[in-house]
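Fold and geometry: a report
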Amino acid sequence: MSNLYAHIEQTALRDPARELLITDQGERFTWGDLHSQSARYANALARTGVRIGDRVAVQVDKSVQSLFVYLACLRAGFVYLPLNTAYQRSELSYFIGDAKPRAIVCRPQSRGEVEAMAAGATVHTMGEDGTGSLYQAAAQCAPVHAIAQVDEGALAAIIYTSGTTGRSKGAMITHRNLVSNARVLVEYWGFTGKDVLLHALPMFHVHGLFVASHCALLSGARMIWHRRFEPALVLRDLPKASVLMGVPTFYTRLLSEAGFDRTSCAGVRLFVSGSAPLLMETFSAFEQRIGQRILERYGMSEAGMITSNPLHGERKGGTVGRPLPGNEVRVADDRDAALRAGQIGAIQIRGENVFTGYWNMPEKTREEFTVDGWFRTGDVGVFDAQGYLSIVGRAKDLIITGGYNVYPKEIELVLDSLHGVAESAVFGVPHADFGEAVTVAVVPREGATLSEPDIISALRRELANYKVPKRVIIIDDLPRNAMGKVQKNVLRERHAD
Ligand code: AMP
């Protein structure tokens, strides 16, 4: 069975009356709804000329109907192209021009704007409640649809990378990539039909779209479906859940809620974190408060999940665990030779989970794979003696100052341990003498006052001189993208002078 939807269909047909999910507003959907609605959407899109291999671009608010549209694309062999709801006109026009979708599904309020750039694609709408022109068109269509016979290497999705380090690239993801990664995760994280996954992640990013949804859909777990992460609503529903998947900010925000305690988490067997680094402080505070350790894992659009801390066995804070079964991970030097434990280098990966290349960018694709077939993730990391990987940062965030390499993470760890510092980001800015100058942005804890000279002298006691920042900027918030990643490119631009 090459088509991912064929695996989902097996669960759907086993017991169509079984509950699939309940929304934050108490609406219930069954597996039968999933199967018939996704058929209707597949038929509605096909009716406007979408064929196997055509792209369907989707920029809509999260709704259960939007999940069904994604599944419709899988089952019909259309290539799903999710777009962040934060993208504005110039970004949209780049994605549409690059991917040339046959159909675009957008929010009702953006219809005019999207039609103006659609270049022949059919434009449909879908609102926050799931209704709109696509919903109406689907209602006219039959609730049956034969699964498209695609081969394993057929494209299932194109995911544009978040582009924190340059022009966004479309990662081509195949059915094989998705099926293999989902199966591994279900097994590794112990998902079963008895689980209840609290799904509060966005659906335009791999974390919510693939990782969370596929674990539930392939294991038959039920979902509690939240349109967005709202700490109070999560607290209300956690007692009914057995798994929560989130980005680190989910956990820091939950920890600032008084009602977040062992009682509310009594039924939760697993908390997963990823997409951005989980601070050691959050990891420890969580363990102290809740009595369990967050399971941190590492992945990316181009490869799904790559490493994970174990379900059983030691979960080490500050690490992203070991390579998942079937995934090979090496930390390599400048000549792509594997380094030993304890040595910092470029993270390279190989396996069925790894994408086939960047859409329309054969040159870029070639550059990003080694001659022996490993993908260069662009992340820098180090293995410990037990084979646990720690991410040191993005290669592009490496600072070279006076000829020395400085890994921002090392300085951030020291900064975060200083009294009065809530969080920090270290980046390089051009400097006439040093090439780049180490620069620091720190966010004070509530009520704390920080000063540049104090921070510099504290760092001087802990770090070699060349790592001590030339400048410390005190700010209220770090710039982040929708997945909680700190945008160092924004900091570099903002403080270039
Ligand atoms: P994306 O393609 O948007 O999912 O971004 C992938 C990138 O997020 C990776 O290449 C890492 O730089 C970062 N990332 C994902 N998970 C983690 C993690 N657990 N710790 C640190 N960085 C992470």
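Fair warning: this is a prediction, and the values are worked out from it, not measured in the lab. (Residues numbered from 1 in each chain as written. Predicted model: local features only at pLDDT ≥ 70, side-chain atom pairs only at ≥ 80, totals over all residues. Heavy atoms only, no water.)

Judged by pairing direction, the sheet is mixed, and its nine strands sit side by side in the order β2-β1-β10-β9-β11-β12-β13-β14-β15 without closing on themselves. Both edges of this open sheet fall to β2 (28-30) and β15 (322-323), since each of them pairs with a single strand only. Relative to strand β10 (residues 222-225), strand β9 (residues 196-199) runs parallel, the two being bridged by four bridges. Considered in β10, the bridge of L198 is made with I224. (Pairing = 2+ DSSP bridges. Helix = DSSP H or I, 4+ residues; strand = E, 2+ residues; numbered from the N terminus.)

Before going further, it helps to spend a moment on the site of the ligand. Among the 16 residues in the neighbourhood of the ligand, the closest are listed as E296, R297, S301, D379 and R394. At 2.8 Å from a nitrogen atom of the ligand is found a main-chain nitrogen or oxygen belonging to R297. A distance of 2.7 Å is found between an oxygen atom of the ligand and a side-chain nitrogen or oxygen belonging to S301. When the free accessible area of the ligand is taken as 500 Å², the share hidden by the protein chains comes to 92%. Put simply, the parts of the chain that give the shell around the ligand at least two residues each are β13 (295-300) and β20 (389-394). The element that contributes the greatest number of residues to the shell around the ligand is β13, accounting for five residues. Taken together, the residues that form the shell around the ligand break down as six nonpolar, five polar and five charged. (Near = heavy atom within 4 Å. Polar contact = N/O pair within 3.5 Å; in protein donor to acceptor, adjacent residues only side chain to side chain. Areas by Shrake-Rupley, 256 points an atom, 1.4 Å probe, with all protein chains shown as cover. Nonpolar A, V, L, I, M, F, W, Y, C, P; charged D, E, K, R; others polar.)

Looking now at the pairing of strand β6 (residues 122-125). As paired strands, strand β5 (residues 103-106) and β6 are joined by four bridges and run parallel to one another. Of the residues in β6, the one forming a bridge with C106 is T125. Following the chain from β5 across helix α5 (residues 111-117) to the adjacent parallel β6, one finds a crossover that is right-handed. (Right-handed = clockwise from strand over helix to strand, strands pointing away.)

The complete set of buried residues in helix α11 (residues 280-290) reads T282, F283, F286 and I290. One face of α11 carries all of its buried residues, which in axial projection span an arc of 100°. The elements touched by buried residues of α11 are α10 (248-255) and β12 (270-273). Where α11 ends, the next residue or the one after it, G291, has phi of about 80°, a positive value. (Buried < 20%, exposed > 50% of the residue type's maximum accessible area, 1.4 Å probe, protein only. Arc of directions from axis to C-beta. Contact = heavy atoms within 4.5 Å.)

Another aspect to go through is the domain arrangement of the protein. We note that the domain assignment places domain 1 (4-228), domain 2 (270-396) and domain 3 (398-494) within the protein. Just the C-alpha atoms count here: the centres of domain 2 and domain 3 sit 23 Å apart. Counting residues at the interface gives 12 residues for domain 2 and 10 residues for domain 3. Between domain 2 and domain 3, roughly 910 Å² of surface is buried when both sides are summed, and carbon and sulfur atoms account for 47% of that area. Of all residues in domain 2, S275, E281 and V392 bury the most surface against domain 3, accounting for 41% of the area lost on that side. (Domains from an automatic or database assignment. Buried area = accessible area lost by both parts, 1.4 Å probe.)

Here we take up the side chain of S273. By secondary structure assignment, the location of S273 is in strand β12. Sequence-distant contacts of S273, defined by excluding residues within four places in its chain, comprise G246, V247, P248, Y251, L278, I294, L295, E296 and R297.

When we look at burial in helix α14 (residues 452-462), the residues that qualify are I455, I456, A458 and L459. When α14 is viewed along its axis, its buried side chains cluster within an angular range of 165° and face the same direction. Facing away from the buried side of α14 by more than 90 degrees, the exposed set consists of P453, D454 and R461. Check the buried side of α14 and you find it contacts α13 (408-416), β24 (435-444) and β25 (471-474).

Mapping R228 onto the fold places it in the loop between β10 and α9 (231-237). Given a relative accessible area of 42%, R228 falls into the partly exposed group. Sequence spacing of R228 and V392 is 164 residues, and the spatial spacing of their C-alpha atoms is 30 Å. When residues no more than four places from it in sequence are discounted, the contact partners of R228 are E128 and A200.

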